[in-house]
Amino acid sequence: MKKTFLTLVMALVMAFGCTVSAFAAEVIGYVNVERVFRNYPDIQTTMSVINLERQKAENEFNQKAPSLDDKGKRELGEKLSAQVDKKEASLLNPIRSKIRKTIGEVAKSHGITNVVDAGAMVFGGQDLTEEVIAAVNKAK
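Residues numbered from 1 in each chain as written. Predicted model: local features only at pLDDT ≥ 70, side-chain atom pairs only at ≥ 80, totals over all residues. Heavy atoms only, no water.

Details of unusual backbone geometry
Negative phi characterises most residues that are not glycine, and trans characterises most peptide bonds. The phi dihedral of Asp42 falls on the positive side, at around 65 degrees, and the residue is not glycine. With respect to the element layout, Asp42 can be found in the loop between helix 2 (33–38) and helix 3 (43–64). (Helix = DSSP H or I, 4+ residues; strand = E, 2+ residues; numbered from the N terminus.)

Thoughts on the sheet that holds strand 3 (residues 126–127)
Reading across from one edge, 2-1-3 is the order of the three strands in this open sheet, with parallel pairing throughout. Edge strands, defined here as strands with exactly one partner in the open sheet, are strand 2 (114–117) and strand 3. When strand 1 (residues 28–31) meets strand 2, the two strands line up parallel, connected through four bridges. Residue pairing across strands places Val31 opposite Asp117, the latter belonging to strand 2. (Pairing = 2+ DSSP bridges.)

Quick look at the pairing of strand 1
For strand 1 and strand 3, the ladder comprises two bridges, and the chain directions are parallel. By the bridge assignment for strand 3, Gly29 is matched with Gln126.

Focus on the side chain of Thr129
Residue placement: Thr129 occurs in helix 5 (residues 129–139). One polar contact links the side chain of Thr129 to the main-chain amide nitrogen of Asn32, over a distance of 2.8 Å. With sequence-adjacent residues up to four places away left out, Thr129 is seen in contact with Tyr30, Val31, Asn32, Arg35 and Val36. (Polar contact = N/O pair within 3.5 Å; in protein donor to acceptor, adjacent residues only side chain to side chain. Contact = heavy atoms within 4.5 Å.)

So, in structure tokens, the structure goes:
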């Protein structure tokens with residue numbers, strides 16, 4: 001009985017040790033996604049188009065709002081906001097997808113299977129930010 005119990009304990013210790021070492025060997029990458037986004041080619045032009053769209057919506061609201069009651073103002077504001085959001089999504093979603101895809105490619109080239117945003121990384125890991133920026137700029 002003692003021998004069986006000791007064998008079971010040793011097996012559990014070895015299994016736990018192997019599991020811990022497998023996790024310890026895995027490198028986690030991190031990327032400052034905001035910095036990659038700011039360095040994306042033509043991002044300033046894209047943001048200018050979005051800001052222009054917001055300005056046009058604001059101007060339209062200011063022109064029409066004086067003749068509307070509170071409900072009408074709210075409905076117009078929601079309609080214009082939805083239009084701006086749709087335009088913003090149509091311009092930014094392809095950029096976000098491209099950045100996400102590039103992060104995956106860079107991580108894979110290093111044998112890294114997990115990547116987090118740089119703000120979530122407290123200690124350790126491998127910074128992939130510069131390589132992702134270079135890869136995004138090269139692809140453009």
